Amino acid sequence: MLVFLFCFWGCFGLAKPDDVPASWIKPGATVIYGAHGLLSVNEQQQKNKPEEGLQQNDKIICLAGVANNMVKNTERWIHSQRHRKWDFHSLKLQPLSPVPSDIEISRAQCPKAVDVLAKEIGLLTDEIEIYGQTKAKVRLSLLERLKDQPDGKYVLVAGITPTPLGEGKSTVTVGLVQALTAHLNINSFACLRQPSQGPTFGVKGGAAGGGYAQVIPMEEFNLHLTGDIHAITAANNLLAAAIDARILHENTQSDKSLYNRLVPVVNGVRGFSPIQLARLRRLGINKTDPGTLTEEEISKFARLDIDPSTITWQRVVDTNDRFLRKITVGQAATEKGFARQAQFDIAVASEIMAILALTTSLQDMKERLGRVVVANDKKGEPVTAEDLGVTGALAVLMKDAIKPTLMQTLEGTPVFVHAGPFANIAHGSSSVLADKIALKLVGEKGFVVTEAGFGADIGMEKFFNIKCRASGLVPSVVVLVATVRALKMHGGGPNVTAGAPLKKEYTEENLQLVADGCCNLQKQIQITQLFGVPVVVALNVFKTDSPAEIDLVCKIAKESGAFDAVPCNHWSAGGRGAIKLAQAVEKAVNQKNNFKYLYNLELPIVEKIRTIAQKVYGAQDIELSPAAQSQVDRYTQQGFGNLPICMAKTHLSLSHQPERKGVPTGFILPISDVRASIGAGFIYPLVGTMSTMPGLPTRSCFYDIDLDPVTEEVKGLF
């Protein structure tokens, strides 16, 4: 510890150094003070001279000695702020058989206080903002503190083409970090997406993992969390409201009236706001006095001339509501007849969600929000959020959402929950910032395990070509999740309906179905190999799987190029059931990594789409509708042709037809439309008929969800 006492006491009535009582100085402290050109140091222990303050016979040392002492102390302090082995204490599990419901397991475990967890993993008290007992936001300032800290190993969890039930990628992600940290004493972090409440109350249920490999408290994870999705909804809908309001005001006012309202006199002074000055500069109008603009400049500044038929920005809500897929806005008399057709999307499909997931800083997020293209003007030029003057307001609404939320697994290992874009209609990964912070916290020998939505052909492809380009990070290994029952379905087994009992083909041994279905596993391994990253297959074991079926899948996986294939029992046993997977991953990260992107960004948009369709999906070719081709031409002309591609496609098949399982071939991939998320930084083609607003099924999950009014406990979440 350093205590500095400078020669200001005379000016401020402070005690002189020799008047400072010893009780003010901790034992071992180095005290430096300067007066009349000399520096003095007291290194005595309080326990040796408890009655003395700073005496005149203190040792006087030269300036060089003091400087050297200061450097050493500073170095020790800096080193103490860098990574060190976590002082981690895991939570003990006592798995039951049969395995209780997810919410019963979650509720039976007593989580650590989040400030205790934060301290264990090296977070400082001023780097967290606590939400209740079990959640905390982590401030981005940590990245500056640990900027010289080497990153840990980066692990991506992907999967085979899933069945409608989901095959357990989140469960594998959680089980793997529980094994690494709670059982192998290796620093590790899971980075997961925040689930949308649409599927939670619809058909899929929650996304906290399951069984004895889940994030807790699971009801907090699956519901409001820290309000990020609500912030995204507010920001998205503010921008939507600004679009329609601007069209109305431009259509009902003269240039002069519009200008006077946009640049009003306030307290006798008329001036442009900073965002308006920026718009003037983009228009080539280098003036700062509102009274000096010509009539032509006033018109150019005040009118965006949005073409309503080109508006691509939709309102959002975080609920599955099929009746909002097509609506009419502006029907009230106050809107003066300016009605138009529009729609709602699910909140997690908002481009602002994608921006949150891909941004690298507050400044970067603000710039991305400003670049969002909402429509074209009547000359065919893009209109942005910056043009509408709403960028700063959007950033204000998102200023807390940009911070990852810290939670924990059932065994007390740390988890970041941040961002939640869908993988079929967006890029399907948690945030770049969560990954970057976690990689610093685990240290060079630690592991960060993150997840890509749906199959490797969907989530992993976008993770590599979009997220890795945005972050500059490269995964060390891919964990590819498979299940016997999903492989049976790909081998020709009967259709699976969520909530309905499984047919006997899935509950009884059938080696032929498993062998036939492994074609999909082999294809997903091949897709992973396109990117040059080692792959470990994690077979998520169910109680209906026979030993022969498990052995067959692992054998075929290794023969198909997987570094290893490991059966996992973390759902029923917690981290202990994924120890072999953790050991396989630990070995795989030392394999040669020849990571490469699938395509060059300089390729034309159509060629990038064709590359994905042929090399990843196995299509014979692509076919663009006239509307899609027109959009491609427009985006190319507007200068957006060098962005990566984010395919909006069904996740239930490698093709565009959900019912085609296994490895379909010979198909032509139809591109019905092409849209652009310029702020997020990608072009997204719509394959076939893709809806951005899910609907509720006949038997929704909400039938089982309830609240005990006495205990306030949530029931029925899974």
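Residues numbered from 1 in each chain as written. Predicted model: local features only at pLDDT ≥ 70, side-chain atom pairs only at ≥ 80, totals over all residues. Heavy atoms only, no water.

Basically, it comes down to this: UniProt positions are given in the numbering used here, feature names are shortened, and annotations may be inferred rather than shown by experiment.
The name an unreviewed UniProt entry gives the protein is formate--tetrahydrofolate ligase, with Catharus ustulatus as the organism. Among the UniProt annotations of the protein, the heading Subunit (unreviewed entry) holds the following wording: "Homodimer."

## A closer look at the nonpolar core
Generally speaking, a soluble globular protein has its nonpolar side chains buried in company with each other. The criterion, for reference: The term nonpolar core refers to a set of buried residues drawn from Ala, Val, Leu, Ile, Met, Phe, Trp, Tyr and Cys, joined through side-chain atoms within 4.5 Å. The classification of residues rests on relative accessible area computed with a 1.4 Å probe and restricted to protein chains. Under 20% of the type maximum is buried, over 50% is exposed, and intermediate values are partly exposed. Contacts: residue pairs with any heavy atoms within 4.5 Å of one another.
Of all hydrophobic cores here, the largest spans 142 residues; its most connected members are Phe189, Leu406, Phe416, Phe464, Leu521 and Leu669. If sequence neighbours within four positions are ignored, Leu669 has contacts with Ala613, Tyr617, Ala619, Asp621, Ile622, Glu623, Met647, His656 and Val687. Within the second largest apolar cluster, 41 residues are counted, among which are Val477, Val479, Val481 and Leu581.

## Side note on helix H13 (residues 351-358)
As a reminder, the rule being used: Numbered from the N terminus, helices here are DSSP runs of H or I no shorter than four residues, and strands are runs of E no shorter than two. The definition of a polar contact used here is a pair of N or O atoms within 3.5 Å, where within protein one atom must be able to donate a hydrogen and the other to accept one, and adjacent residues in sequence count solely through side-chain atom pairs.
In terms of burial, H13 is largely enclosed, as eight of its eight residues are buried. Listing the buried residues of H13 in full gives Glu351, Ile352, Met353, Ala354, Ile355, Leu356, Ala357 and Leu358. Measuring from the backbone nitrogen of Ile352 back to the side-chain oxygen at the start of H13 gives 3.1 Å, which picks out Ser350 as the cap.

## A short note on unusual backbone geometry
Cis geometry is found at the peptide bond from Ser97 to Pro98, where omega equals 0 degrees. The topology assignment puts Pro98 in the loop between helix H2 (63-81) and helix H3 (102-108). Cis geometry is adopted by the peptide bond preceding Pro217, which originates at Ile216 and carries an omega value of -10 degrees. Position of Pro217 relative to the elements: it lies in the loop between strand S9 (213-216) and helix H8 (218-222). Non-glycine residue Asn185 carries a positive phi angle of around 60 degrees. In this structure, Asn185 sits in the loop between helix H6 (169-183) and strand S7 (188-192). Taking the relative accessible area as the measure of exposure, Asn185 reaches 53% and is therefore exposed. With a phi close to 55 degrees, Lys336 is a non-glycine residue in the positive phi region. Within the secondary structure, Lys336 sits in the loop between strand S13 (327-329) and strand S14 (340-342).

## Details of the pattern of salt bridges
Counted only if it meets this: Between Lys or Arg on one side and Asp or Glu on the other, a salt bridge is scored when a side-chain nitrogen of the former is within 4 Å of a carboxyl oxygen of the latter.
Across all of its chains, the model carries 31 salt bridges by this definition. Of the charged contacts in the structure, one is a salt bridge between Lys135 and Glu220, with a shortest N-O distance of 2.6 Å. You can see Lys135 sitting in strand S5 (residues 135-138) and its partner Glu220 sitting in helix H8, a full 85 residues away along the chain. Put simply, Arg610 and Glu607 hold a salt bridge, and the shortest N to O gap is 2.5 Å. Note that Arg610 and Glu607 are positioned in helix H25 (residues 605-617) at a spacing of three residues, about one turn of the helix.

## So, the sheet that holds strand S26 (residues 682-687)
Under the convention used in this document: Strand pairing requires that DSSP identify at least two bridges connecting the strands. In this description, a line fitted to the C-alpha atoms serves as the axis of each element, helices being fitted only across the stretch in contact, and the angle between N-to-C directions of two axes falls anywhere from 0 to 180 degrees.
The strand order across the open sheet formed by three strands is S24-S25-S26, and the pairing between neighbours is mixed. Of all strands in the sheet, those bounded by a partner on one side alone are strand S24 (621-624) and S26. Direction aside, neighbouring strands of the sheet carry axes that sit 50 degrees apart on average. One ladder, built from six bridges, connects strand S25 (residues 668-677) with S26; its direction is antiparallel. Within S26, the position partnered with Asp673 by the bridge is Leu686.

## A closer look at the pairing of strand S4 (residues 128-131)
Along any regular strand, the residues point their side chains to alternate faces of the sheet. Bridge count between S4 and S5: four bridges; the pairing is antiparallel. In the strand pairing of S5, Ile128 is matched with Val138. Once S4 ends, the chain turns through three residues before running back antiparallel as S5, passing Gly132 with a positive phi of about 70 degrees.

## Quick look at the environment of Phe301
With respect to the helices, strands and loops of the structure, Phe301 is situated in helix H12 (residues 295-302). For Phe301, a relative accessible area of 3% puts it in the buried group. For the pair Phe301 and Leu262, spaced 39 residues apart in sequence, the C-alpha to C-alpha distance is 9.8 Å. Sequence-distant contacts of Phe301, defined by excluding residues within four places in its chain, comprise Arg246, Tyr259, Val263, Phe272, Gln276, Arg279, Leu280, Leu283 and Leu293.

## Concerning the packing of helix H9 (residues 228-252) against H13
Defined as follows: In these notes the angle categories are as follows: under 35 degrees is roughly parallel, over 145 is roughly antiparallel, 65 to 115 is roughly perpendicular, and the rest is oblique. If you view the pair so one helix is near and one far, a crossing is left-handed when the near helix is turned anticlockwise from the far one by less than a right angle, and right-handed when it is turned clockwise. Residues were grouped as follows: Ala, Val, Leu, Ile, Met, Phe, Trp, Tyr, Cys and Pro as nonpolar; Asp, Glu, Lys and Arg as charged; and all remaining residues, including Gly, as polar.
Remark: H9 packs on H13, axes separated minimally by 9 Å, with the N-to-C direction vectors making an angle of 125 degrees. Considering their axes alone, H9 and H13 lie oblique with respect to each other. Note that H9 runs across H13; the crossing there is right-handed. Listed contacts from H13 to Ile229, Ile232, Ala235 and Asn236 of H9 are Ile352, Met353 and Leu356. Per-class residue counts for the contact of H9 with H13 are six nonpolar, one polar and no charged.

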